[in-house]
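Report on the structure
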2 protein chains.
Amino acid sequence: MAQNLDQSARTPRRRSSDAPQKLPTAPEVGVGKRLQEVLDGYFPDARAELREVLDDPELRPAYGLSMEDARARTTASLEKVLATGMPHGAFRVDQGGTGATGATLTGIEMLGHNDLSVMVKSGVQWGLFGGAVSNLGTKRHEQLVRDLIELRALGCFAMTERGHGSDVQSLETTAHYDPDTQEFVLNSPTASSEKWFLGNAARDGRWAAVFCQLYTPDQEESHGVHCIVARIRNDDGSPVDGVRIGDHGVKGGLAGVDNGTLMFDHYRIPRENLLNRFADVSPEGAYTSDIESPNARFFTMLGALVRGRVTVGAAAGAATRTCLAIGTKYAHLRRQFAAEEGQPEKQLIGYRQHRLRLIPRIARSYGLQFATNLLIKRIHDLEAGNLDRANLTPEQSLDLREVEAHAAALKAANTAHATDTIQEMREATGGAGYMAENLLTVFKADSDVFTTFEGDNVVMLQLAAKELLGGFAREMRSLSNLEMVRFGLDSFGGVLRRRTGADAVIHNLLDTFTDAEESTLFDPASQMRLLIEREDRLLKSLARRLRPARKMPVAEAAEVVDRAQDHMIASAWAHIDRIILEAFFEAESAVEDERTQEVLEQVRDVYFLSVICDNAGWFLEQSLLTGTRTKAARASLNDLVDSLGPWSEVLVDAFGVPEVMLDLKLMERYDSMTPKA
Amino acid sequence: MAQNLDQSARTPRRRSSDAPQKLPTAPEVGVGKRLQEVLDGYFPDARAELREVLDDPELRPAYGLSMEDARARTTASLEKVLATGMPHGAFRVDQGGTGATGATLTGIEMLGHNDLSVMVKSGVQWGLFGGAVSNLGTKRHEQLVRDLIELRALGCFAMTERGHGSDVQSLETTAHYDPDTQEFVLNSPTASSEKWFLGNAARDGRWAAVFCQLYTPDQEESHGVHCIVARIRNDDGSPVDGVRIGDHGVKGGLAGVDNGTLMFDHYRIPRENLLNRFADVSPEGAYTSDIESPNARFFTMLGALVRGRVTVGAAAGAATRTCLAIGTKYAHLRRQFAAEEGQPEKQLIGYRQHRLRLIPRIARSYGLQFATNLLIKRIHDLEAGNLDRANLTPEQSLDLREVEAHAAALKAANTAHATDTIQEMREATGGAGYMAENLLTVFKADSDVFTTFEGDNVVMLQLAAKELLGGFAREMRSLSNLEMVRFGLDSFGGVLRRRTGADAVIHNLLDTFTDAEESTLFDPASQMRLLIEREDRLLKSLARRLRPARKMPVAEAAEVVDRAQDHMIASAWAHIDRIILEAFFEAESAVEDERTQEVLEQVRDVYFLSVICDNAGWFLEQSLLTGTRTKAARASLNDLVDSLGPWSEVLVDAFGVPEVMLDLKLMERYDSMTPKA
């Protein structure tokens, strides 16, 4: 796979305390091209290919269609996605795939530029359903993998239940093995066990990968949550006997995704349908698994599905970039109010307040994309190493844990940024932004649930914080909050700072910094140390707060953990802010061109100063910065958005949003239109 | 009109530095009833009446309908609203109305609890179109007023043009008077002059109140923007000759409102159709007006329309309260994760982080409702005084200016709060919140444009700040930014703090405070002084920044103003935060019951501490608070949401949301359902 970034770690140049120079007011288009190369990351061919495919009016998001029409349109679009060959990368060569993990994850991300219904439906089919069968199944499920890749077998990922969203281990659906017929009996024992919110269920799915409590006759208790594939519809589309299918109907968005429900009534399924990579049941009913602990087994299964979380975050990032491009280009086009009569009206981008709405968000999008690129590369490299998840080396185990923590953190960061930014772009484009034809409201509605699905953001942030709290064993996350506290804190202080893929650059950078130096707001090493210090302090004080809980009775200890929830979440954000900065440095290290370097430095400065301004209270409380410095940070942020204002269109051009997505009514230049055309 | 609050100003009790006591964990329903009395404000009968009418499944918001069905449903709902008699209050008795301004504004606000399409369509018909004809017209337009009240004449408010949203004075539509035929010739000379985003235009409107540049033969230049009523459709619904009607089609929400466009092609209209309350044209073509300055005339006309801005803010507040009720009740119902196996899962409200998502937003909704109640009462009292807007006393003029500034500020504050809170409620209810049947996404989509229409929030905040900058003459706001700076700052330092209607209470409160006292976070007088100090400092430093501009050339001075835009907006927020706190004290002063007082104090403390925490950086930079104090504020906020957690359902019950709005799928108690019902 192509890599356009040099991994041999050129250190970002140090800088004195001087604020950056104002850029020339005439932006250079060439810089945009070079910035795009950096943003395109490690799988530029995948981006280029999808960019071309996506420049297609039929792959723009629709609106105002009936539910059935919207769903049919999305299903048809999946064939176009399949035709690119991109989905094959999610599967191994022996399964009919190509194993090009990084290219596929990048490809799914690119779908986010256009129609999120297509992205989600692709993610359900190839990522979740396909990922479950391919990663949790074995040889005997190979034909199903081939069929699902080619869209001959559409399926749902039947994990969530009405009563259990984030708390997957409490799922209630049961599968009892019957040795007499060599079948599993799948059942939904309660109303709260109904499978819920499943994409592909209401209309198209013929199959479901059903997560359920597994029982065998030799043991009264459940063996824990396992996954079984089941037919849910006949070829003619009617539900099979024993399965009741419901339709969630209209949602807040994603009109093209057919979310529905499933209930099982003592539904019998062949033994072979158990996805048996990590555990199996013999014809006689004996349960076996290479992984002894039920918790470890559960998380090994879930871990194999981390890619869904990565693509949800990445695609939300792409959707955000499309909306930033729309909002920014409109700001260069639209004029309102003249300074005095007779003067031409001012472009929106000419207003400081408008620049402050756009440019810090563009900067954060740059940083998030750099960090997401690194994460995808890391997953690609891991998978290329032919991971045996049931028998990991300690090194692989640590790697995986880090990747999962970063996936959770960046899922939350990317989707929260999407929610904030798409909303801001809707508002920044005024009434025009409210017209569906200009697509911002479609993105708003479609992206809204991204903060919830594939792991609620509040849960994701706590997950990331827990991972950070120490070099926990994989099983740790399966423990209750209390057990985590009791067990985990002993190992705190170990590997506090996880590798992000930018290690060499950061190492070199910090090496150049001496403790005697006074830190400044513009020097790379100073910036890095300030965000590291924030993360460290928050984590250490969090650990101190939680430590007493170890000696408390259950209920009391749970209270201690609960009362530290805001602290835990603050720690996760500090971590996210830090790894984004690292990703900036990594990206900058690959830039040769002087002007491009200068622009990218200013973008990073905007990102960094926004973090400082947004958290000024904390830095002041901690005496890490003085009031003079935080005021200076705000003034500098203003200067920087002034400097980058004329460049802002170049900055969003570098996102490489498919052109068809910018061919919108609100982009029409009507000033020069003849009256009443 | 009934008033349930005692205006004779009982002073809130002072409090020592002690943090408030934890409330009992068993909430008292009676407190909810008493809180509702306080929240219901000055026109409780109007609320009670509408509450009953709105408890009607047909007045719930719809979703998933075709555009035509959604529009037809809204139009039908307007008949139900008419049947309440509520719209009549917006019109004078001699026009066929009742003059019950306060009750009507409160009634329109109440519509916001249910279906925002109905609220907006009502606002367009009776508030904007009706308000224009009734307030800008004279005797000769009386029949039209009677017809529009009774929905016999549906009309649009044709102000906004494609090229001109917030900048109304630059409108391009022209009306040239032709003495030969005694007609105005209405024309849309450019593409950018097309009337845009007009509710009631695409489907239902038969009339339009058209804002246009008025020309008479005796003068080459426009007399400024005036308003003329024009037929746009024939009785059979076809457009009249000379008018081209367009349809904006699908929008981000408000599916039931038929937004469209109008273009005029030398369309001839009788002279009498000029709304001639403030200016007229004689049959011979002579222009006359009691108000000499075109700017003053323009703002007198706009001022008569302030009620639209008030109801948009108020209704956004009601919509927010519905969503808070949904989110909070769900948090008491829904359980996720158990502390240990075998234990029941915990209610969402049992999580600290979840309480922090809900309770500060509930508290702000309380404060905003109190402030909005005061504003509506003030407008009611002003209008009851039979205002002659062309000949105001200096006292009335000041009053009106204050009311307009508060209307702008509270429009921005209410709608920004709606956008933030409805989004948060969607996320806090997880996947369930994304299903249209649970209505949060419908509210999200429908309320989204409230930050934009009736005055973009960024413009509103600057308008409020400009008003605050001194005791400016009414004409001030019509000046360009530059002229404002040149002229206005001389008068700075005068009436800095505007009356909010809570004057007596605040006066008494501050009187009890001695400068020698150390301020604490929980004492009412301390709280008041801290927010006053913030507003004053921001305004004074803003004035200092702007002052040099007076001596600069135009372009340079405009730059100075532009660079202070963020400062201006920060000042407006400081003002808003202060008047909300005042409104809290005013509301508290009417409470007799001890426990209710205690609860309401804690709600106010939550509001106040949220403001402190959200602006901790600023207070620290200014050395108004130490880091120890801001940390204490955060800790106290946590304690308070713990204290109010069990009471949170009582707090939202007090909003008095029509019950039908809470009869939702996500409220079903399915735990006890028999399996597979």
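Basis of the calculations
- Residues numbered from 1 in each chain as written.
- Chains lettered and ligands numbered in written order.
- Predicted model: local features only at pLDDT ≥ 70, side-chain atom pairs only at ≥ 80, totals over all residues.
- Heavy atoms only, no water.
- UniProt positions renumbered as here; feature names shortened; annotations may be inferred.
- Helix = DSSP H or I, 4+ residues; strand = E, 2+ residues; numbered from the N terminus.
- Buried < 20%, exposed > 50% of the residue type's maximum accessible area, 1.4 Å probe, protein only.
- Contact = heavy atoms within 4.5 Å.
- Areas by Shrake-Rupley, 256 points an atom, 1.4 Å probe, with all protein chains shown as cover.
- Pairing = 2+ DSSP bridges.
- Axes fitted to C-alpha atoms, helices over the stretch in contact; angles between N-to-C directions.
- Buried area = accessible area lost by both parts, 1.4 Å probe.
- Salt bridge = Lys/Arg side-chain N within 4 Å of Asp/Glu carboxyl O.
- Polar contact = N/O pair within 3.5 Å; in protein donor to acceptor, adjacent residues only side chain to side chain.
- Parallel < 35°, antiparallel > 145°, perpendicular 65-115°, else oblique.
- Expected span 1.5 Å × (residues − 1).
- Least-squares fit on C-alpha atoms with pLDDT ≥ 70 in both.

The name given to chain A in an unreviewed UniProt entry is acyl-CoA oxidase, with Corynebacterium lactis RW2-5 as the source organism. Reading the Sequence similarities (unreviewed entry) entry of the UniProt record for chain A gives the comment "Belongs to the acyl-CoA oxidase family."

So, about the overall build of chain A. Of the regular secondary structure elements, chain A holds 21 helices and 13 strands. Per-residue burial over chain A gives 64% buried out of 677 residues. Sequence separation of 24 or more characterises 77% of the internal contacts of chain A that already satisfy a separation of 6 or more. Only carbon and sulfur atoms are counted for the fraction: they give 49% of the accessible area of chain A, which is about 23,200 Å².

Looking now at the sheet that holds strand S4 (residues 195-198) of chain A. Residues and elements named next belong to chain A. Read across the sheet, three strands follow the order S4-S8-S7 without closing on themselves; strand pairing throughout is antiparallel. Each edge of the open sheet carries a strand with a single partner, namely S4 and strand S7 (243-247). Strand-to-strand, the axes of this sheet are offset by a mean angle of 20 degrees, without reference to chain direction. Note that S7 and strand S8 (residues 260-264) share five bridges and pair antiparallel. Note that in S8 the partner of Val-243 across the bridge is Phe-264.

Residues and elements named next belong to chain A. Across the five residues of strand S2 (residues 174-178), four count as buried, placing the element largely inside the fold. Strand direction decides the pairing type here: S2 and strand S3 (residues 183-187), joined by five bridges, are antiparallel. Within S3, the position partnered with Tyr-177 by the bridge is Phe-184. Bridge count between S2 and strand S5 (residues 207-215): three bridges; the pairing is parallel. Bridge pairing in S5 links His-176 to Tyr-215.

Our next topic: the interface of chain A and chain B. Every contact between the two is made by 92 residues of chain A and, on the other side, 91 residues of chain B. Buried area between chain A and chain B, summed over both chains or domains, comes out near 6,900 Å², and the portion from carbon and sulfur atoms is 53%. Taken together, the links from chain A to chain B amount to ten salt bridges. Across the pair A:Arg426 and B:Asp448 runs a salt bridge whose closest N-O atoms are separated by 2.8 Å. Summed over the shared surface of chain A and chain B, the result is 36 residue pairs in polar contact (both at pLDDT 80 or more). In terms of residue count, helix H20 (residues 627-644) of chain A provides more of the side of chain A that touches chain B than any other element does, six residues in total.

Turning our attention to the sheet that holds strand S4 (residues 195-198) of chain B. All names here are of chain B. Across the sheet, three strands lie side by side as S4-S8-S7; this open sheet has antiparallel pairing. Two strands bound the open sheet, and with one partner strand each, they are S4 and strand S7 (243-247). On average, each strand axis in the sheet is tilted by 20 degrees relative to the strand beside it, whichever way the strands run.

Residue and element names in this part refer to chain B. Two numbers describe how helix H10 (residues 394-428) lies on helix H18 (residues 565-588): the axes approach to 10 Å, and their chain directions differ by 90 degrees. In terms of their interaxial angle, H10 and H18 are classed as roughly perpendicular. Here His-406, Ala-409, Leu-410, Ala-412, Ala-413 and Ala-416 of H10 come into contact with H18, specifically with Trp-573, His-575, Ile-576 and Ile-579.

We now examine helix H16 (residues 524-546) of chain B. Residue and element names in this part refer to chain B. Here H16 is 23 residues long and its end C-alpha atoms lie 33 Å apart, about the 33 Å a rise of 1.5 Å per residue gives. Of all 23 residues in H16, 17 are buried, a share of seventy percent or more. Sitting at the amino-terminal end of H16 is Asp-523, which places a side-chain oxygen 3.2 Å from the backbone nitrogen of Ala-525.

What follows deals with the relation of the copies chain A and chain B. Mapping chain A onto chain B is achieved by rotating through 180 degrees and translating by 0.0 Å along the same axis, at an RMSD of 0.0 Å. Both copies are brought into coincidence by an operation consistent with a two-fold rotation axis. Across chain A, the smallest distance between a C-alpha and the rotation axis is recorded for A:Gly617, namely 1.9 Å. Interface residue correspondence from chain A to chain B reaches 99%, placing this contact among same-surface, isologous pairings.

Further remarks concern the pattern of salt bridges. All names here are of chain A. Under the criterion given, the structure shown has 98 salt bridges over all chains. The salt bridge partner of Glu-142 is Lys-139, with a shortest N-O separation of 3.7 Å. We classify Glu-142 as buried; its relative accessible area is 16%. A salt bridge links Glu-183 to Arg-268; the nearest nitrogen and oxygen atoms lie 3.0 Å apart. Remark: Arg-268 occurs in strand S9 (residues 267-270) and Glu-183 occurs in strand S3; sequence separation between them is 85 residues. The exposure class of Glu-183 is partly exposed, given its relative accessible area of 21%. On the basis of relative accessibility, which here comes to 39%, the residue Arg-268 falls in the partly exposed class. Counted as one network, the salt bridges with shared partners bring together Asp-40, Arg-47, Arg-51, Glu-109 and Arg-321.

On to the environment of B:Thr320, then. Residues and elements named next belong to chain B. With respect to the helices, strands and loops of the structure, Thr-320 is situated in helix H8 (residues 306-333). We classify Thr-320 as buried; its relative accessible area is 0%. Apart from residues lying up to four places away in sequence, Thr-320 is in contact with Ser-365, His-417, Ala-418, Thr-421 and Ile-422. Among the polar contacts listed, one links the side chain of Thr-320 to the backbone oxygen of Ala-316, at a separation of 2.6 Å.

With that settled, the discussion passes to the UniProt feature "domain: Acyl-CoA oxidase/dehydrogenase middle" (unreviewed entry) in chain A. The UniProt record marks residues 156-265 of chain A with the feature "domain: Acyl-CoA oxidase/dehydrogenase middle" (unreviewed entry), using the residue numbering of this structure. Strand forms 39% of residues 156-265 of chain A and helix 0%; the C-alpha atoms that close the span are 18 Å apart.

What follows is about the environment of A:Leu275. All names here are of chain A. Within the fold, Leu-275 resides in the loop between S9 and strand S10 (279-281). The sequence separation of Leu-275 and Arg-669 amounts to 394 residues, and the corresponding C-alpha distance is 57 Å. Look past the residues within four positions of Leu-275 in its chain and what remains in contact with it is Ala-132, Val-133, Leu-136, Gly-137, His-141, Cys-227, Ile-228 and Val-229.

What follows deals with the UniProt feature "domain: Acyl-CoA oxidase C-terminal" (unreviewed entry) in chain A. The residues that UniProt annotates with the feature "domain: Acyl-CoA oxidase C-terminal" (unreviewed entry) are residues 537-663 of chain A. Each end of residues 537-663 of chain A is marked by a C-alpha atom, and these two atoms are 48 Å apart; helix forms 75% of the span and strand 0%.

Residues and elements named next belong to chain A. In contact at an axis separation of 11 Å, helix H17 (residues 565-588) and helix H18 (residues 594-614) are set at 170 degrees when each is read in the N-to-C sense. Relative to H18, the element H17 is oriented roughly antiparallel. Counting all contacts with H17, which are made through Ile-576, Asp-577, Ile-580, Leu-581, Phe-584, Phe-585 and Glu-588, the residues of H18 involved are Leu-600, Glu-601, Val-603, Arg-604, Tyr-607, Phe-608 and Val-611.

What follows concerns unusual backbone geometry. Although it is not a glycine, A:Gln182 sits at a positive phi angle of roughly 55 degrees. Secondary-structure assignment places A:Gln182 in the loop between S2 and S3. At B:His266, a residue that is not glycine, the phi angle is positive and equals roughly 45 degrees. Tracing the sequence through the fold places B:His266 in the loop between strand S8 (260-264) and strand S9 (267-270).

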